[in-house]
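Summary of structural features
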Amino acid sequence: MSPRAAWRLEALGFEDVNDYVAGKADWLANGLPREGRAATVPYAGDLVDADPPTCRPGDTVARLRERLGGGGDAFLLVLNERRIVLGRVRRGALLRAEPSAGAVDVMEPGPSTVRPNVPARDLVRRLTDRGLGSAIVTTPAGRLVGVFRRRDAEERLGGIERSGPPHR
Amino acid sequence: MPRSVDLAQVRRLLAEGAQLVEVLPAAEFAEEHLPGAMSLPLKDLDARTAARLDRRRPVVVYCYDGL
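Summarised in this report is the structure supplied together with it. (Residues numbered from 1 in each chain as written. Chains lettered and ligands numbered in written order. Predicted model: local features only at pLDDT ≥ 70, side-chain atom pairs only at ≥ 80, totals over all residues.)

Remarks on the overall build of chain A
Helix and strand content of chain A: 7 helices and 8 strands. For chain A, the spread of C-alpha atoms along the principal axes amounts to about 65 × 40 × 25 Å. In chain A, which comprises 168 residues, the share counted as buried stands at 34%. Looking at chain A alone, contacts between residues at least 24 apart form 57% of all its contacts between residues at least 6 apart. (Helix = DSSP H or I, 4+ residues; strand = E, 2+ residues; numbered from the N terminus. Buried ≥ 20, exposed ≤ 12 C-beta atoms within 10 Å, placed from the backbone. Contact = placed C-beta atoms within 7 Å.)

Observations regarding the interface of chain A and chain B
In this complex, chain A contributes 32 residues to the contact, which on the side of chain B involves 32 residues. Elements supplying a minimum of two residues to the side of chain A that touches chain B: α1 (2-11), β1 (17-20) and α2 (23-29) of chain A. Sort the elements by how many residues they give to the side of chain A that touches chain B and α1(A) lands first, with 9 residues. Here the side of chain A that touches chain B is built from residues that sort into 17 nonpolar, 5 polar and 10 charged. Bridge analysis of β1(A) against strand β4 (residues 59-62) of chain B gives 4 bridges, and the strand direction is parallel. Bridge pairing links Asp19(A) to Val61(B) in β4(B). (Nonpolar A, V, L, I, M, F, W, Y, C, P; charged D, E, K, R; others polar. Pairing = 2+ DSSP bridges.)

So, the sheet that holds strand β4 (residues 85-90) of chain A
All names here are of chain A. Strand order in the open sheet formed by 4 strands is β2-β3-β4-β5, and the pairing between neighbours is mixed. In the strand order of this sheet, the two ends are held by β2 (54-55) and β5 (108-109), each with one partner. Of the strand pairs in this sheet, β2 and strand β3 (residues 75-79) are connected by 2 bridges, and their pairing is parallel. Bridging across to β3, Thr54 finds its partner in Leu77. Sheet strands in contact with helix α3 (residues 61-68) are β2, β3 and β4, and its direction is about 125° off that of β3. (Axes fitted to C-alpha atoms, helices over the stretch in contact; angles between N-to-C directions.)

Topic: the nonpolar core
Counting residues in hydrophobic clusters, the biggest one holds 28 residues, and the most contacted among them are Leu9(A), Tyr20(A), Val21(B), Val23(B), Val59(B), Val60(B) and Val61(B). Of all the secondary structure elements, the ones that give two or more residues to this core are α1, β1 and α2 of chain A together with α1 (7-15), β2 (19-22) and β4 of chain B. Other than its neighbours up to four places away in sequence, Leu9(A) contacts Phe14(A), Val17(A), Ala50(B), Val59(B) and Val61(B). Core analysis: the next-biggest nonpolar cluster, separate from the first, contains 26 residues, Leu64(A), Val78(A), Val85(A) and Leu144(A) among them. (Core = buried A, V, L, I, M, F, W, Y, C linked by C-beta atoms within 7 Å.)

Points about the environment of Ala30(B)
Among the secondary structure elements, Ala30(B) is positioned in helix α2 (residues 26-31). Each residue touching Ala30(B), except ones within four places of it in the same chain, is listed here: Gly36(A) and Arg37(A).

So, the pairing of strand β7 (residues 134-138) of chain A
Residue and element names in this part refer to chain A. Taken across its 5 residues, β7 has 4 buried, putting it largely inside the fold. Summarising the sheet, strand β6 (residues 113-114) and β7 pair through 2 bridges and their orientation is parallel. Within β7, the position partnered with Thr113 by the bridge is Ile136. On the question of chirality, the crossover connecting β6 to the parallel β7 by way of helix α6 (residues 120-130) is right-handed. By the bridge criterion, 5 bridges tie β7 to strand β8 (residues 144-149) in an arrangement that is antiparallel. Directly across from Thr138, in β8, lies its bridge partner Leu144. Once β7 ends, the chain turns through 5 residues before running back antiparallel as β8, passing Gly142 with a positive phi of about 95°. (Right-handed = clockwise from strand over helix to strand, strands pointing away.)

Some thoughts on the sheet that holds strand β1 (residues 3-4) of chain B
Pairing in this open sheet of 5 strands is parallel, and the strands run β1(B)-β1(A)-β4(B)-β2(B)-β3(B) from one edge to the other. Of all the strands in the sheet, the pair left with one neighbour each is β1 and β3 (38-39) of chain B. Relative to β4(B), β2(B) runs parallel, the two being bridged by 4 bridges. Residue pairing across strands places Glu22(B) opposite Tyr62(B), the latter belonging to β4(B). Against the sheet, α1(A) contacts β1 of chain A together with β4 of chain B, and its axis sits at roughly 175° relative to β1(A).

In C-alpha cells:
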C-alpha cells in the first residue's frame, strides 16, 4: 500500500517522497514507541529486564561464574559488539565446564527469541503453557532488547490492571 | 522517484524534520501508529487531502508492511 501512496504523492508534485516499506510491523518489532488506543496494551518489550547478565564470546567460564554469582539468574546471554544475541550459557553448563573454556565453547547457539511487540499477556500465557520462566526479546535483526521474566511480568500486569497502563 | 528507506533512514529523516504519513485506513491509525504520524489513507489520497502536507519538507509514507 505504501508504494502506491508514494507514487501518488510524487504524481501530485511532491519532490522528496520516501517509502518506509517495512512499515509499522518493522517499527513495532524493534520495540519503538507507539501511539493510539493499543498503546495502552503492554507489550513484551515494555516489561523486559533490559540489563540481564551478558558476556562476550571470548570471556572465560571462570569470569562467567563470577558474573552470574549467587543471583537468581539461570543463564547469561552471549552478545557480540553490536549486542546481537549469539547464544545462551546456562548456569548448569558453567558448573560442568573447565574454568579456562570460553563462553562460545559452552553456549547454546541461536536460542529462541521473541519480538518486543508481542502482547505481554499472550507471552505470559505461552510461557506458562510450555513451562518456561523467561523469554529472550530481540529486534528482528537479533539485537537484545531484554529478558522477559514470566513471574515479574505477571506481577507487573496485575499492578497495571489495578492502576492503569504503563508509561513508556 | 520515491525512495525506499529502512528504519535507520526513517529515524534520520524524522530527526531532520520529515513528515510521517500513515496511509492505512483511519481505524487502523486510531488503533496504533508511529509517534507524530498523520493519517492520510491511500483511498482518500488526492490533491485536496495532500494539501495538509508541507511540500518543502521530505515525506515518509508507511503502511503495515508495504503490501
